[in-house]
Structures are given as C-alpha cells and as structure tokens.
Amino acid sequence: MNAPSLKKSKHPEMLIKQKHKTSKLTRMEAIWGYLFILPVVLGLGIFYMAPSAASLFLSFTSWDGMTSPNFIGIENFQNLMKDEKFTKSMLNTMLYTFGTVPLSIAFATLLAVLLNQKIKGMVVYRTLFFIPVITMPIAVGMVWRWLYNSEFGLINYVLGTMNLPQPNWLFDEKFALFSIVIVSVWSSIGYNAVILLSGLQGISSSYYEAASLDGAGTLYKFFRITLPLLTPSLFFVLVMSFINSFQVYDLIFIMMDQQTTLLDSTRTVVYSIWEDGFKYFNMGYASAQAFMLFIVILIITMFQMYFQKRWVHYQ
C-alpha cells in the first residue's frame with residue numbers, strides 16, 4: 001500500500017519538472033528564433049525604417065545636404081501642388097506603370113505556361129529567359145540604346161529591310177516613353193515568369209485529368225482551371241510589379257540623353273527626386289516628392305489588397 005501512495009505523491013513533482021523543462025525549451029527556441037531574425041530586423045531598421053523616418057522629417061524642411069535643415073512646415077508640399085514638372089513626372093510614371101505592368105504579366109503568364117511543358121532542354125530555356133533579370137540595368141540600358149539607334153541600330157535596320165518606317169525611338173516624343181516600356185517589359189518577364197511557374201507547378205494534375213475526361217479543350221482548361229488557380233501568384237506579381245514600376249529610374253537615366261528637351265516626356269517621379277536632391281541639392285523638396293510617391297503606392301496597394309477578395313481564388 002505504501003509503494004503506490006509514494007509513487008502517487010511524486011507524480012505532481014514530475015509534472016512540475018516536466019512543465020518547467022518544456023517552458024525552458026520554449027524560451028530557448030524563442031531566443032534562437034529572435035537571434036536568427038535579428039540581422040534582418042537590424043537591416044530593415046538601419047537601411048529602410050531610419051532613412052524613411054529621416055526623409056519624412058526632411059520633407060518639412062529646406063535642406064541643401066550640408067547646412068542644418070530649416071523647418072518650413074508644409075511649404076514643400078504646397079509647392080508640389082503647383083509644380084508642373086512634378087505633375088508631368090507623376091503622369092509619365094502612371095503611363096509607364098500602366099503600360100508596363102499589364103504587358104509584362106500577360107507575356108510572363110504565356111511564357112510560364114510554355115515553360116511548364118515537358119520539353120527537352122527546358123532547363124536551358126528557363127535559364128535564358130531569366131538572364132535579363134540578373135543583368136545589370138546599366139548593361140541593359142546601354143545595349144538597348146544601341147539597338148534603338150536611328151542610324152545604325154539593329155531594330156531600324158530590320159525595319160528597313162522590310163520597308164517599314166524607322167522611328168527615331170529615343171529622340172521622338174511619340175516613341176520615347178514607349179521605347180522604355182518595351183525594355184522594361186523585356187527585362188521583367190523572366191522574374192514574373194519564375195513566380196508564375198512556381199504557381200503553375202502547385203496546381204494538381206487531377207483537375208486537368210478530370211477536365212480531359214469531360215472532353216474539355218486546351219483553352220477551356222486554361223481559362224477555367226489554370227487562370228483561377230494561378231490568381232494567388234498573379235496577385236503577388238501584380239502588387240510587386242506596380243511597386244517596382246512606380247520606382248523606375250535607372251532606365252530613364254541611362255537611355256535618355258540628359259541634355260535633350262525630350263527628357264521631360266520620359267521624366268518619372270524617382271528621376272525628379274534624384275534630380276532635385278542630388279543635382280540641385282534641394283533635399284527637402286526631394287523628400288516631399290518621395291513621401292508623395294509613397295502615398296500613391298500605398299493607396300494603389302490598398303486598393304489591390306481590397307479588391308483581391310473578388311478575383312483571387314485560394315485552393
């Protein structure tokens with residue numbers, strides 16, 4: 001009778017020890033987890049959050065980057081509302097974005113579907129299409145600037161052999177922004193296609209098998225199965241493409257002649273930020289433009305997040 005009673009009396013102590021051991025293990029796991037994410041948190045804080053906060057503060061000042069900032073309130077934002085250059089750059093950014101994003105996503109979707117087929121040498125094709133993504137924007141801009149050359153560029157040479165008009169791509173207001181859109185679409189298709197390809201590979205083959213048994217054709221499968229189940233990946237690509245397009249700068253800087261009057265027809269908001277901040281040393285005004293661009297991107301992203309409930313289908 002004594003043995004069981006002793007065993008029973010020790011049972012609560014064992015539970016306490018086990019609970020203490022579990023809580024200690026949980027704390028250790030939490031500590032290690034925080035240590036692993038610490039570099040990312042520090043990177044975000046130092047290189048993103050702190051500069052963003054500083055930029056917001058500078059937007060209410062007049063600062064040349066050397067002397068002490070002079071607080072001027074909302075004067076920078078009032079000047080933005082009357083600045084025709086900023087209005088034109090915002091319009092150009094909108095035109096660039098709404099020209100680049102739909103084309104890039106459409107071609108990337110088609111490319112992802114083709115790359116998802118079982119074809120010999122598919123790994124090579126995937127690598128080739130992804131090369132523009134990892135190529136430096138300077139190299140991309142310089143190569144395409146040569147291709148667009150009106151006198152000895154390859155594009156006009158091919159058009160000439162077919163007796164087609166040969167535009168002055170980068171020096172004609174009607175074609176300048178469109179020319180940069182083409183380059184942006186070409187260089188972004190590979191990244192978007194990789195994201196969409198991963199989404200395609202996550203779609204179960206049972207859907208297609210069931211549709212084939214019902215006599216469904218290729219187009220029916222694409223629009224009734226592939227596209228609806230690919231919408232989560234499409235939504236991610238759409239949001240990221242909009243954010244990236246609103247921040248275009250490098251292609252404008254590299255491909256357009258800085259002295260030409262046509263620069264105004266392709267000037268974007270980020271280019272104006274660079275120009276006012278680092279060319280004219282008007283850091284406060286440049287920071288105000290950056291904050292306005294942030295607000296525009298935030299609003300568009302919020303709209304996308306709200307309306308995604310109506311067209312994004314999660315499995």
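What counts and what doesn't
- Each chain has its residues counted from 1, running along the sequence as written.
- Thresholds applied to this predicted model are a pLDDT of at least 70 for local features of residues and 80 or more for the giving and counting of side-chain atom pairs; totals over whole chains, interfaces and linings are not thresholded and use all residues.
- With hydrogens and water excluded, all non-hydrogen atoms of the structure serve as input to the side-chain values.
- The secondary structure listing takes helices from DSSP runs of H or I that are at least 4 residues long and strands from runs of E that are at least 2 residues long, numbered from the N terminus.
- We compute the radius of gyration from the C-alpha atoms alone; for a globule the expected value is 2.2 Å times N to the 0.38, where N is the number of residues.
- Exposed residues in this analysis have more than 50% of their type's maximum accessible area, buried residues have under 20%, and partly exposed residues fall in between, with area computed by a 1.4 Å probe over protein chains only.
- By definition, residues are in contact when any of their heavy atoms lie within 4.5 Å.
- Here, Shrake-Rupley sampling with a 1.4 Å probe gives the accessible areas, and only protein chains in the shown set may cover a residue.
- Stacked, tilted and edge-to-face are the three classes assigned to paired rings of Phe, Tyr and Trp, where Trp is represented by its six-membered ring and a pair needs centres within 6.5 Å; plane angles under 30 degrees give stacked, over 60 edge-to-face, the rest tilted.
- A fitted line through C-alpha atoms serves as each axis, taken over the contacting stretch for helices, and the angle formed by two N-to-C directions is quoted from 0 to 180°.
- If an angle is under 35 degrees, it is roughly parallel; if it is over 145, roughly antiparallel; if it lies from 65 to 115, roughly perpendicular; otherwise it is oblique.
- Here a crossing is taken to be left-handed if its near helix is turned anticlockwise relative to the far helix by less than a right angle, and right-handed if that turn runs clockwise.
- Charged means Asp, Glu, Lys or Arg here, nonpolar means Ala, Val, Leu, Ile, Met, Phe, Trp, Tyr, Cys or Pro, and polar covers whatever is left, Gly included.
- A helix is expected to reach a length of 1.5 Å times the quantity of its residues less one.
- One axis fitted to the seven residues ending at a residue, another fitted to the seven starting there: the angle between these axes is the bend at that residue.
- Every case where a carboxyl oxygen of Asp or Glu lies within 4 Å of a side-chain nitrogen of Lys or Arg is listed as a salt bridge.

Asker: Please explain the overall build of the protein chain as it appears in this structure.
Answerer: The secondary structure content of the protein chain amounts to 13 helices and two strands. Over its C-alpha trace the protein chain gives a radius of gyration of 28 Å, far above what one expects of a compact globule, namely 20 Å for 315 residues. Considered along the principal axes of its C-alpha atoms, the protein chain spans approximately 105 × 70 × 35 Å. Per-residue burial over the protein chain gives 35% buried out of 315 residues. Residue pairs at least 24 apart in sequence account for 67% of intrachain contacts in the protein chain once pairs closer than 6 positions are excluded. On the protein chain, roughly 20,200 Å² of surface is accessible, and the fraction owed to carbon and sulfur atoms is 69%.

Asker: Please explain the packing of aromatic side chains as it appears in this structure.
Answerer: Two numbers describe a pair of aromatic rings. These are the distance of the centres and the angle of the planes. In the structure shown here, the tally under the stated rule is 18 aromatic pairs. Measuring from centroid to centroid gives 6.2 Å for F291 and F294, while their planes differ by 35°, and the two rings are tilted. Taken together, the positions of F291 and F294, both in helix 13 (residues 283–311) and three residues apart, correspond to about one turn of that helix.

Asker: Would you take a moment to explain the packing of helix 4 (residues 122–134) against helix 7 (residues 176–201) for this structure?
Answerer: How two helices sit against one another is set out by the angle between their axes and by the gap between those axes. Interaxial distance between helix 4 and helix 7 falls to 6 Å at its minimum, and their mutual angle equals 130°. The orientation of helix 4 with respect to helix 7, classified from their angle, is oblique. Helix 7 is crossed by helix 4, and the crossing has left-handed handedness. Contacts between helix 4 and helix 7 pair R126, F129, F130, P132 and V133 from the former with W186, S187, G190, Y191, V194, L197 and Q201 from the latter. For the contact of helix 4 with helix 7, the class distribution of residues is eight nonpolar, three polar and one charged.

Asker: Where do I start with the environment of T218 in this structure?
Answerer: Relative to the helices and strands, T218 is located in helix 9 (residues 218–246). Looking at T218, the relative accessible area reads 67%, which means it is exposed. In the structure, T218 is positioned ten residues away from Y208 in sequence and 9.6 Å away in space, judged by C-alpha atoms.

Asker: What is the right way to read the packing of helix 3 (residues 84–115) against helix 7 from this model?
Answerer: The N-to-C vectors of helix 3 and helix 7 enclose an angle of 40°; their axes lie 6 Å apart at closest approach. Overall, the two elements helix 3 and helix 7 adopt an arrangement that is oblique. Between helix 3 and helix 7 lies a crossing of right-handed hand. Residue classes in the contact of helix 3 with helix 7 are distributed as 19 nonpolar, eight polar and no charged.

Asker: Can you walk me through helix 13 in this structure?
Answerer: Residues three or four positions apart in an α-helix share a direction because the helix packs 3.6 residues into each turn. Taking 1.5 Å of rise per residue, the 29 residues of helix 13 would be expected to cover 42 Å, and the 42 Å separating its terminal C-alpha atoms lies within 8% of that figure. At M305, helix 13 shows its strongest bend, of approximately 25°.

Asker: Would you explain the pattern of salt bridges in this entry?
Answerer: Close approach of charged atoms allows side chains with opposite charge to pair. Counting across every chain of the model gives four salt bridges. The residue E275 makes a salt bridge to K85 at a minimum N-O spacing of 3.5 Å. Pair noted here: E275 is in helix 12 (residues 269–279) and K85 is in helix 3, with a separation of 190 residues, a long-range link. A relative accessible area of 5% places E275 in the buried class. Take K85: its relative accessible area is 26%, and that puts it in the partly exposed class. A salt bridge links R267 to D264, with the nearest nitrogen and oxygen atoms 2.5 Å apart.

The analysis is restricted to geometry; functional conclusions fall outside its scope.
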